[in-house]
Amino acid sequence: MTITTGLTGHVTNTADQLDLRGNMLPVSQELTAERCDVIGEIPSSLNGMFVRNGPNPMYEPIGKYHMFDGDGMLHGVTIANGVASYRNRWIRSKGLEAEMRLGHAAYPGLSDVMNFPDESVVGDAGPVKNPANTHIVRHANKILALWEQGLPTHIAADLGTVGPWNFDGELSGAMTAHPRIDPRTGMMFFFSYNLFAPHLSYYVADAAGKLVHKVNMDLPAPVMIHDMLITDSHSVFMDSPVVFNLEGMMSGEPMVQWQPENGTRIGVIPHFGGADDIRWFDVETSHVQHFWNAWADGNRIELSGCRFNQINFGIEAEASETDAGVESAGGLPHRYWIDLQTGDTGSEDIDDMHGEFCRVNDDYAGVRTNYLYMSGFTRDAIQAADFDTIVKYDQDDDSRSSWYIGDDGHLGESAFAPDPNGTKEDDGWLINSTYNSADDTSEVIILDARDVAAGPVARVQIPQRMPFGFHANWFPTAS
Ligand SMILES: [Fe+2]
């Protein structure tokens, strides 16, 4: 039986916004389905919750809409003893609650973000909405929905919204959507980038969730930094040419610009280092939006991710459809290395398939991973977020295995669910969300990570379409 909460969305996209077409059109209901149909068999040792975050605006947007703008919606599939249940919930940000009181949108999107709504309209919800729409992580038994320009949003186990979380008052700024958790210590490493100096704030929270370290650092220019990495002893950042255009922003120019003269460098700081301890190493001019992993081998640090030679987010008000091309949609699998002793650096392509949403078995975060998982593009008409292939790289022998979903199929990000009885790095499952454009349906699929090419071992039928979104995670049930 499927139950609705009664909360409804109102987006029809009568203005034909690019980022609301097709499977970007938001769903209008919150549903709960206690038992979903399953094709195949859910592995008996797979118990926990798969959650996918993504934009799902409740109201018709004001002005140009970008998928970065939409109210966060969580789609969760809970798996217990072979049975799957589903629920989806809007993230009730203060900004969305203000709009719910009004019955219409009040916040402009990123293309006109400086046009703040008046306090008389949105009350104490603040000048900028934090839609919490990008990622979802669990640390110190707290589920946090993340958006890189605001505080984390605390989410309950039933996907209800608890509210903004500021680490007991210790975090006053923003938090990246991509923290890194050290599985050996339980510590969480994260950062925020800032338009004005200090440009980079770096934080460590201990295993209990207490903020125990904070460092402010200056960079040559205010840059957008989306992801970071850890080794077992250091945190790693990339400073790339994605530069905020502070002067131009006020006059409607693009908020971020590709400025190759900024170059690209990799910064390495001991986990508990100070601002003077970070060391920067120049690498080829490039940008990585999402990394796989980093690890140290003696003085050598290796890191990998999907590399862009240039990136364009298409945020500006006048961005055209052609701005969302291949280079916006996916990068190329790439590894970089630096030698802390000699200062030597280098990099090389891992493969020539375009892809994104780089993931590993997070139990190996910070130490060498042999297996890299990616959502890839193989179709000619490449669009942002429209993945069609689940890819696994084996770095031992530089081989690739993959599974193509079919011509009507579309994939999101895979989350790696480790097998609690496993011993090897790829003992576990990849869980991903799909959309079938032929029949307008979605599934959550489970692949055995040891044999990706075999395709799904189980396909959970979702009682409504899941619009394309951003990041997903797997939260195992405590054993
Ligand atoms: Fe991301």
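Up top is the structure.
A short tour of the structure in this document, coming up. (Residues numbered from 1 in each chain as written. Predicted model: local features only at pLDDT ≥ 70, side-chain atom pairs only at ≥ 80, totals over all residues. Heavy atoms only, no water.)

## Examining the overall build of the protein chain
- Each helix and strand in the protein chain was counted, giving four helices and 34 strands.
- The C-alpha radius of gyration of the protein chain comes to 21 Å, within 12% of the 23 Å expected for a compact globule of 479 residues.
- By principal-axis analysis of the C-alpha atoms, the protein chain measures approximately 60 × 55 × 45 Å.
- Out of the 479 residues in the protein chain, the part that is buried amounts to 58%.
- In the protein chain, the proportion of contacts linking residues at least 24 apart, taken out of those at least 6 apart, comes to 58%.
- Just so you have it, the protein chain exposes about 18800 Å², and 47% of that area is on carbon and sulfur atoms.
- If the 30 positive side-chain charges of the protein chain are averaged to one point and the 67 negative ones to another, these points end up 6 Å apart. (Helix = DSSP H or I, 4+ residues; strand = E, 2+ residues; numbered from the N terminus. Rg over C-alpha atoms; globule rule 2.2 N^0.38 Å. Buried < 20%, exposed > 50% of the residue type's maximum accessible area, 1.4 Å probe, protein only. Contact = heavy atoms within 4.5 Å. Areas by Shrake-Rupley, 256 points an atom, 1.4 Å probe, with all protein chains shown as cover. Lys, Arg positive; Asp, Glu negative; His and termini not counted. Charge placed at Lys NZ, Arg CZ, Asp CG, Glu CD.)

## A word on the coordination of the iron ion
- With distances of 2.0 to 2.1 Å, the protein atoms coordinating the iron ion are His178 (NE2), His226 (NE2), His290 (NE2) and His471 (NE2).
- Coordination at the iron ion is irregular: its four donor atoms span angles of 92 to 167 degrees at the metal.
- Positions of the donor residues of the iron ion, expressed as sequence spacing, correspond to H-x47-H-x63-H-x180-H. Here His178 is found in the loop between strand 10 (161–164) and strand 11 (180–181), whereas its partner His226 is found in the loop between strand 14 (211–217) and strand 15 (229–230), with 48 residues between them in sequence.
- Accessibility expressed as a relative area gives 8% for His226, which makes it buried. (Donors = N, O, S within 2.8 Å, 3.2 Å for Na, K, Ca; no water. Tetrahedral: all angles 85-135°; square planar, octahedral: opposite > 155°, others 65-115°.)

## Brief notes about the pairing of strand 28 (residues 399–404)
- By the bridge criterion, six bridges tie strand 27 (residues 389–394) to strand 28 in an arrangement that is antiparallel. By the bridge assignment for strand 28, Lys392 is matched with Ser401.
- Counting the residues in the hairpin turn of strand 27 and strand 28 gives four residues, including Asp398, whose phi is positive at 55 degrees. (Pairing = 2+ DSSP bridges.)

## A closer look at the side chain of His213
- Residue position: His213 is located in strand 14.
- A polar contact is formed between the side chain of His213 and the backbone oxygen of Gly273, at a distance of 2.8 Å.
- Those residues in contact with His213 that lie beyond four places of it in its chain are Tyr202, Tyr203, Val204, His271, Phe272 and Gly273. (Polar contact = N/O pair within 3.5 Å; in protein donor to acceptor, adjacent residues only side chain to side chain.)

## Remarks on the nonpolar core
- Counting 31 residues, the largest nonpolar core has Tyr202 and Phe237 as its most contacted members.
- When residues of this core are traced back to their parent elements, those giving at least two are strand 12 (188–193), strand 13 (200–205), strand 14, strand 17 (242–244) and strand 18 (256–258).
- When neighbours within four sequence positions are excluded, Phe237 is seen to be in contact with Phe191, Leu200, Tyr202, Met228, Arg265, Ile266, Gly267, Ile269, Ile278 and Trp280.
- With 22 residues, the next largest nonpolar core counts Cys36, Ala84, Tyr86 and Val444 among its residues. (Core = buried A, V, L, I, M, F, W, Y, C linked by side-chain atoms within 4.5 Å.)

## So, the sheet that holds strand 8 (residues 142–146)
- The antiparallel open sheet is built from four strands, whose spatial order is 7-8-9-10. With one partner strand each, in any of the chains shown, strand 7 (135–139) and strand 10 form the two edges of the open sheet. If you compare each strand with its neighbour and ignore which way they point, the axes differ by 30 degrees on average.
- When strand 8 meets strand 9 (residues 153–155), the two strands line up antiparallel, connected through three bridges. (Axes fitted to C-alpha atoms, helices over the stretch in contact; angles between N-to-C directions.)

## As for the environment of Thr342
- Its location among the elements puts Thr342 in the loop between strand 23 (332–339) and strand 24 (345–349).
- Residues Thr342 and Arg300, spaced 42 residues apart in sequence, show a C-alpha to C-alpha distance of 9.4 Å.
- A distance of 3.1 Å separates a polar atom in the side chain of Thr342 from the backbone nitrogen of Asp344.

## Here we look at the pattern of salt bridges
- According to the stated counting rule, one finds 23 salt bridges in the structure shown.
- Of the charged contacts in the structure, one is a salt bridge between Asp227 and Arg180, with a shortest N-O distance of 3.0 Å. With Asp227 in the loop between strand 14 and strand 15 and Arg180 in strand 11, the pair connects residues that are 47 residues apart, well separated along the chain.
- Taking the shortest distance from any N to any O, the salt bridge between Asp396 and Arg368 comes out at 3.9 Å. Of this pair, Asp396 sits in the loop between strand 27 and strand 28 while Arg368 sits in the loop between strand 25 (355–359) and strand 26 (371–376); the two residues are 28 residues apart in sequence, bridging distant segments of the chain. (Salt bridge = Lys/Arg side-chain N within 4 Å of Asp/Glu carboxyl O.)

## Focus: a negative patch on the surface
- A cluster of acidic residues, Asp407, Asp408, Asp439 and Asp440, forms a negative patch at the surface.
- Judged by relative accessible area, Asp440 falls into the partly exposed class, the value being 43%. (Patch = residues over 30% accessible without salt bridge, like charges linked within 9 Å, V, L, I, M, F, W, Y side chains within 5 Å.)

## A look at a nonpolar patch on the surface
- Nonpolar side chains collect at one region of the surface, where Met114, Phe116, Val128 and Met250 lie side by side and expose about 380 Å² of accessible area between them.
- For Met250, a relative accessible area of 62% corresponds to the exposed category.

## A short note on the sheet that holds strand 19 (residues 264–270)
- Here we have four strands laid out as an open sheet, ordered 15-16-19-20, and antiparallel in their pairing. Each edge of the open sheet carries a strand with a single partner, namely strand 15 and strand 20 (279–283).
- Here strand 16 (residues 234–239) runs beside strand 19; their pairing, made up of six bridges, is antiparallel. Its bridge partner lying in strand 19, Phe237 is registered against Gly267.

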